[in-house]
Structure formats: C-alpha cells, structure tokens
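Analysis of the macromolecular model
Spelled out, the chains give:
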Amino acid sequence: MKLMNGLTKENMIDAYKERFSNTQMKEIIKGLDDGLDVSVYAKECYNNRQMEQLRLGLGAKVDVSVYADPTLNSAHMMVILGGLHKNIDMTPYIKQGFSAVQMNEILDGLMHNVDVSVYADTRYDWEQMEEIRTGLINGIDVSSYADPSISAIEMERIREKLMMKKAEGDVS
C-alpha cells in the first residue's frame, strides 16, 4: 500500500525504526494504520505518550498544533485534547505553570460554565480548586473559602456548611 508521500508503509517503518524506540514505533505504526500524517509526531522530541496524544488528536481531526509542543507532558496534552473535544480553549492555561490535574479542574469548571478565574491560580492545589469549583457549580458564594492559605480539607468543611445553609434556605 502506497501512502500519500509515495512511500509504502513498510518503507516508512524502515525509515523510522532506526530513530525511535519500540514504544514510539508502536504509535507511529498505529498512526500509519489509521492513515494519519505521522510526520506531525514522528519526531525524536516526543516520547511515546506524547505521540499517543498527538495521534489521538489527529484521529479526532482536532487542531493538534495547539498542543504539539514537546515541553508539554502527555498529561497536559491529554487535558488540552479533552478541551478540544468539547470545543473548549485551554490555551490561556497552557503556559501559566498549572499541573495537569489543576488544568483538569479548570477544564471541568469551563465545562460547567463557572467563572474559573475564581480559582485558576497556581497558588491553589488541585484539591482546593476542586472545592471551589464544586461550590461554584452548586451556586454558593465561595468567597469565604477561596483563599490559597485555607487547606482543601477546611475548604470542604466550609463548603459543606454553606451548602447545608443553602439547602435549609431553599426548603423554607
């Protein structure tokens, strides 16, 4: 079978296998099998997990140029790809120093249409972000605990009290 570049799959595999590890080659072969432009990720600067995220994005026909950056780890790439699947732009958060789990909390907030600017701050760990996001989703005023100096455990305690007060107010 000849590919768009005139080479057969076997020719391309032969050309790549001297430059890449077995795990990287698996991603390249999967991409070739799927008819993808593997030249996007068949680069030494990407490890096999990064290649996988780029391959998945190409297969989903999303703009992988948004995250085709070897300085991003595969977990960051996965969150960005998750945003692209839902038409959510994660680019403002890519280079701000957020961990992948923090970025996932931001993505979850964006998916629930909450104001993520309340907690999109690297001073919060992901568990604190989760408590603030949960409060916002439930429509409570998080200002009393949206403070990086308050532990996630204490935030949860405050949030649960506020949610109980809200529920009691809704019943009466």
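Since the structure is predicted, the reported quantities are computational estimates derived from the model, not experimental observations. (Residues numbered from 1 in each chain as written. Predicted model: local features only at pLDDT ≥ 70, side-chain atom pairs only at ≥ 80, totals over all residues. Heavy atoms only, no water.)

**Let's talk about helix H2 (residues 22–33)**
We apply this condition: Every helix listed is a DSSP run of H or I at least four residues long, and every strand listed is a run of E at least two residues long, numbered separately from the N terminus. Any helix carries an expected span of 1.5 Å times its number of residues minus one. For the exposure calls, accessible area comes from a 1.4 Å probe over protein chains only, and a residue counts as buried if that area is under 20% of its type's maximum, exposed if over 50%, partly exposed in between. This arc is taken over the directions from the axis of the helix to the C-beta atoms. Any two residues whose heavy atoms approach within 4.5 Å at even a single point are treated as in contact.
In this model H2 runs 16 Å from its N-terminal to its C-terminal C-alpha over twelve residues, within 8% of the 16 Å that 1.5 Å per residue would give. Among the residues of H2, Gln24, Met25, Glu27, Ile28, Gly31 and Leu32 are the ones counted as buried. The arc that holds the buried residues of H2, viewed along the axis, is 160°, so those residues lie on one side. Facing away from the buried side of H2 by over 90 degrees, the exposed positions are Asn22 and Lys26. Of the surrounding elements, those touching the buried residues of H2 are helix H1 (9–17) and helix H3 (48–59). Looking at the residues trailing H2, positive phi occurs at Gly35, about 75°.

**What about H3?**
Think of an α-helix as turning once every 3.6 residues; residues three or four places apart then point the same way. In plain terms, the rule: Definition of a polar contact: a pair of N or O atoms within 3.5 Å, with one able to donate and the other able to accept a hydrogen when the atoms are protein atoms, and with sequence-neighbouring residues admitted only if both atoms are side-chain atoms.
An ideal rise of 1.5 Å per residue puts 16 Å on twelve residues; H3 measures up with 16 Å between its terminal C-alpha atoms. Residues of H3 that are buried include every one of Gln50, Met51, Gln53, Leu54, Arg55, Gly57 and Leu58, and no others. Residues of H3 that are buried sit in contact with H2 and helix H4 (74–85). Its side-chain oxygen 2.9 Å from the backbone nitrogen of Arg49, Asn47 forms the N-cap of H3. Count one or two residues on from H3 and you reach Lys61, which has phi positive near 60°.

**Observations regarding the packing of H4 against helix H6 (residues 100–111)**
So the rule is basically this: Between N-to-C directions, angles cover 0 to 180 degrees, with each direction set by a line fitted to C-alpha atoms, over the stretch in contact for helices. Small angles under 35 degrees read as roughly parallel and large ones over 145 as roughly antiparallel, with 65 to 115 read as roughly perpendicular and the rest as oblique. Asp, Glu, Lys and Arg are counted as charged, while Ala, Val, Leu, Ile, Met, Phe, Trp, Tyr, Cys and Pro are counted as nonpolar; the rest, among them Gly, fall into the polar class.
Two elements in contact, H4 and H6, have axes separated by 9 Å at closest approach and are oriented at 10°. With respect to each other, H4 and H6 are oriented roughly parallel. Judged by residue contacts, Ala75, His76, Val79, Ile80, Gly82 and Gly83 of H4 engage Ala100, Met103, Asn104 and Leu107 from H6. For the contact of H4 with H6, a count of residues per class yields six nonpolar, four polar and no charged.

**Some remarks on the environment of Arg123**
On the secondary structure map, Arg123 appears in the loop between H6 and helix H7 (126–137). By relative accessible area, Arg123 is classed as exposed at 59%. When the C-alpha atoms of Arg123 and Asp141 are compared, they prove to be 20 Å apart, with 18 residues separating the residues in sequence. When near neighbours in sequence (up to four residues on either side) are disregarded, Arg123 contacts Gln128 and Pro148. Polar contacts involving the side chain of Arg123 include one to the side chain of Asp121, which spans 2.8 Å.

**Observations concerning the packing of H3 against H4**
Stated precisely, the cut-off is as follows: By definition, turning the near helix anticlockwise from the far helix through less than a right angle yields a left-handed crossing, and turning it clockwise yields a right-handed one.
Between H3 and H4, the least distance of the axes is 8 Å, while the angle of their chain directions is 15°. As summarised for this structure, H3 and H4 are arranged roughly parallel, according to the angle between their axes. The hand of the H3/H4 crossing is left-handed. Contacts between H3 and H4 involve Arg49, Gln50, Gln53, Leu54, Leu56 and Gly57 from the first element and Ser74, Met77, Met78 and Leu81 from the second. Classifying every residue of the contact of H3 with H4 gives five nonpolar, four polar and one charged.

**A closer look at the side chain of Gln102**
Secondary-structure assignment places Gln102 in helix H6. We classify Gln102 as buried; its relative accessible area is 7%. Within the structure, Gln102 has its side chain in polar contact with the backbone nitrogen of Ser99 (distance 2.7 Å). Contact partners of Gln102, with chain neighbours within four places excluded, come to Gly97, Asp121, Thr122, Tyr124, Asp125, Trp126 and Met129.

**Overview of the side chain of Glu105**
Along the chain, Glu105 falls in helix H6. Glu105 gets classed as buried once you look at its relative accessible area, which sits at 6%. The residues contacting Glu105, other than those within four sequence positions of it, are Tyr119, Trp126, Met129, Glu130 and Arg133.

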